[in-house]
Amino acid sequence: MDQIVIRGGKPLNGTIAIGGAKNAALPLMAASLLTDGVLRLSNLPHLADISTMAHLLSDMGVSIAMQGDAPGGGHMGRVFALDASGLSETTAPYDLVRRMRASVLVLGPLVAKHGHARVSLPGGCAIGTRPVDLHLKGLEALGAEIELSEGYVEAKAPNGLVGGHVLFSNVTVGGTENILMAACLAKGETVIGNAAREPEVTDLANCLVAMGAKIEGIGTDTLKVQGSESLHGADYEVVPDRIEMGSYAVAAAVTGGDVVLKGGRADLIEVVIDVLRSAGVGIEEVEDGLRVSRKNGHLKGFDVMTEPYPGFPTDMQAQMMVLASVAQGASMITETIFENRFMHVPELVRMGADINIHGRSAIVRGVQKLSGAQVMATDLRASSSLVLAALVAEGETIINRVYHLDRGYERLEEKLAACGADIKRVRA
Ligand code: EPZ
């Protein structure tokens with residue numbers, strides 16, 4: 001298994017290109033199931049999760065033509081043309097869903113288009129129990145019959161789905177995406193209340209509109225969909241990855257560097273920018289993206305609470321904890337989205353951080369220095385926080401289980417090394 005080895009203490013200077021958002025790309029790929037036309041997606045990141053979704057779809061009979069890399073070089077910005085007209089299978093098996101929970105996003109499109117879907121229940125994961133009950137209730141409100149047996153969800157709507165009112169009791173990104181896709185082919189009007197407003201949901205809605213769907217309220221918490229008989233193919237470019245942007249912004253800040261995030265968009269991470277600025281980080285919009293720097297002055301502690309968009313993203317919580325760990329004074333970081341998303345804390349403490357957990361909150365007292373250690377990645381964002389801590393720590397850090405990072409950060413070592421980081425991947 002690969003390890004990442006980092007010798008910390010080098011300020012990052014240079015340019016990092018931001019890729020397409022994994023969490024937008026996955027539902028967009030699932031949306032290809034809604035049409036017999038070709039959905040051509042560009043700016044797809046080269047990541048393990050994208051390959052898993054491609055594997056799942058092609059096992060179902062979706063043909064996927066890779067149309068080469070967009071300008072940018074390397075594996076940046078891949079283009080896939082997805083054609084689901086020859087679909088032969090409506091089951092998502094345990095083996096793939098277990099590897100990637102987002103596989104559940106095929107449920108809504110399959111039942112809407114084919115009247116049947118059988119998808120393995122994802123089960124819990126490192127960051128929490130993560131049920132899919134709200135997805136299922138939403139589909140039932142659109143007339144699907146749902147049965148659970150042998151670890152699978154079976155959804156049936158032999159005469160098609162019918163528009164309805166879905167009011168989510170909690171904000172759910174995946175649930176909103178599943179119901180939004182299903183509603184596009186349901187008869188009549190669907191209203192989705194308390195819908196997630198994450199930029200990735202907006203990206204999906206915009207793509208569905210490009211495919212012929214009629215959706216009002218995009219970007220708000222109430223989505224109104226007039227169902228269509230069918231959708232057609234489209235060309236669509238995936239939105240930039242706001243979490244990749246935020247993670248590298250923290251990397252520049254903690255190392256005292258100066259980095260341009262090429263393709264970065266401030267409008268996608270406004271609240272993250274506000275917190276970074278309050279901590280003493282310089283951020284400005286430049287011609288080709290965002291410039292993040294901390295040339296002078298200390299970082300200051302801050303308080304942050306994760307919330308659904310436009311609140312502070314849970315996917316940036318672990319990375320901000322590294323910033324708090326090396327800032328002056330105390331910070332309070334509260335996690336409200338997932339019940340078990342402090343798995344990085346014991347590893348950061350092993351590197352010298354001073355963090356105490358009280359229920360859903362972590363009190364972080366800034367320390368003078370972190371020191372390198374052998375650490376273990378537990379999930380994607382926790383792993384990214386270990387990389388950030390290693391970049392600022394004294395000495396060598398060895399990160400194990402880096403396959404988590406490969407799910408969400410494209411060419412991480414290459415991007416950081418190009419800005420002066422001492423980082424390498426080794427085969428253990
Ligand atoms: C998406 O997960 C993202 N994944 C996650 O990113 C992200 O952390 C999360 O949204 C929150 O922003 C993708 O987009 C592929 P939710 P999702 O449904 O859709 C509870 C990363 O690191 N819930 O908004 O699964 C759930 O348990 C990942 O890139 C129910 O109770 O998240 C959680 O506590 C990790 N019942 C909360 O809602 C349901 O039916 C929010 O989950 C659905 C969700």
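Up top is the structure these notes are about.
Not measured: the values here are computed from a predicted model.

Engineer: Which parts of the structure should I look at to understand the sheet that holds strand E16 (residues 282-286)?
Structural biologist: The strands making up a sheet associate through hydrogen bonds between their backbones, and the pairing can be parallel or antiparallel. Taken in spatial order, the 4 strands of this open sheet run E2-E15-E17-E16, and their pairing is mixed. Looking along the sheet, the strands with just one partner apiece sit at the ends: strand E2 (13-17) and E16. Geometrically, the sheet is characterised by an average inter-axis angle of 20° between neighbouring strands, direction not taken into account. Where E2 meets strand E15 (residues 258-262), 5 bridges bridge the pair, whose relative direction is parallel. Along E15, the bridge assignment pairs threonine 15 with valine 260. Sheet contacts for helix H8 (residues 242-255): E2, E15 and strand E17 (289-293); angle to E15, the most-contacted strand, approximately 170°.

Engineer: In this structure, what is going on with helix H4 (residues 107-114)? I would like to understand it.
Structural biologist: What sets the pattern is the α-helix's 3.6 residues per turn: residues three or four places apart point alike. Among the 8 residues that make up H4, 6 are buried, leaving the element largely enclosed by the rest of the structure. Within the span of H4, buried status applies to Leu107, Gly108, Pro109, Leu110, Val111 and Ala112. Elements in contact with the buried residues of H4: helix H1 (22-31), strand E7 (116-120), helix H5 (133-141), strand E9 (152-156) and helix H6 (173-184). One or two residues past the end of H4 sits glycine 115, with phi positive at roughly 75°.

Engineer: Sorry if this is basic, but what is going on with the sheet that holds strand E6 (residues 91-92) here?
Structural biologist: Strands sit in the order E6-E7-E9-E8 across an open sheet of 4 strands; the sheet is mixed. Either end of the sheet is taken by a strand with one partner, and the two such strands are E6 and strand E8 (145-149). Where E7 lies against E9, 5 bridges are found, and the strand directions are antiparallel. Looking at the pairing, histidine 116 lines up with lysine 156 of E9.

Engineer: Can you walk me through the side chain of aspartate 379 in this structure?
Structural biologist: Along the chain, the position of aspartate 379 falls in the loop between strand E22 (374-376) and helix H12 (380-392). In this structure the side chain of aspartate 379 is engaged in a polar contact, spanning 3.1 Å, whose partner is the backbone nitrogen of arginine 381. When near neighbours in sequence (up to four residues on either side) are disregarded, aspartate 379 contacts Ala126, Ile127, Arg341 and His404.

Engineer: Before we go on, may I ask you to explain the nonpolar core in this structure?
Structural biologist: Across soluble globular proteins, you tend to see nonpolar side chains buried next to one another. In terms of nonpolar packing, the biggest core is built from 147 residues, with Val106, Leu208, Leu261, Leu323 and Leu416 touching the most fellow members. Per element, the largest residue contribution to this core is 9 residues, and it comes from H8.

Engineer: Explain the site of the ligand here, please?
Structural biologist: Near the ligand, the surroundings consist of 21 residues, among which Asp133, Leu134, Thr172, Asp315 and Ile337 are the closest. Contact distances for the ligand include 2.9 Å between an oxygen atom and a side-chain N or O atom of arginine 130. Expressed as a share of its isolated accessible area of 830 Å², the protein-covered part of the ligand is 86%. If you list the elements that add at least two residues to the shell around the ligand, you get H1, H5, H6 and H12. When residues in the shell around the ligand are grouped by element, the largest group, 3 residues, is from H5. Each residue belonging to the shell around the ligand can be placed in one class, and the counts come to 10 nonpolar, 5 polar and 6 charged.

How each quantity is defined
- Residues numbered from 1 in each chain as written.
- Predicted model: local features only at pLDDT ≥ 70, side-chain atom pairs only at ≥ 80, totals over all residues.
- Heavy atoms only, no water.
- Pairing = 2+ DSSP bridges.
- Helix = DSSP H or I, 4+ residues; strand = E, 2+ residues; numbered from the N terminus.
- Axes fitted to C-alpha atoms, helices over the stretch in contact; angles between N-to-C directions.
- Contact = heavy atoms within 4.5 Å.
- Buried < 20%, exposed > 50% of the residue type's maximum accessible area, 1.4 Å probe, protein only.
- Polar contact = N/O pair within 3.5 Å; in protein donor to acceptor, adjacent residues only side chain to side chain.
- Core = buried A, V, L, I, M, F, W, Y, C linked by side-chain atoms within 4.5 Å.
- Near = heavy atom within 4 Å.
- Areas by Shrake-Rupley, 256 points an atom, 1.4 Å probe, with all protein chains shown as cover.
- Nonpolar A, V, L, I, M, F, W, Y, C, P; charged D, E, K, R; others polar.

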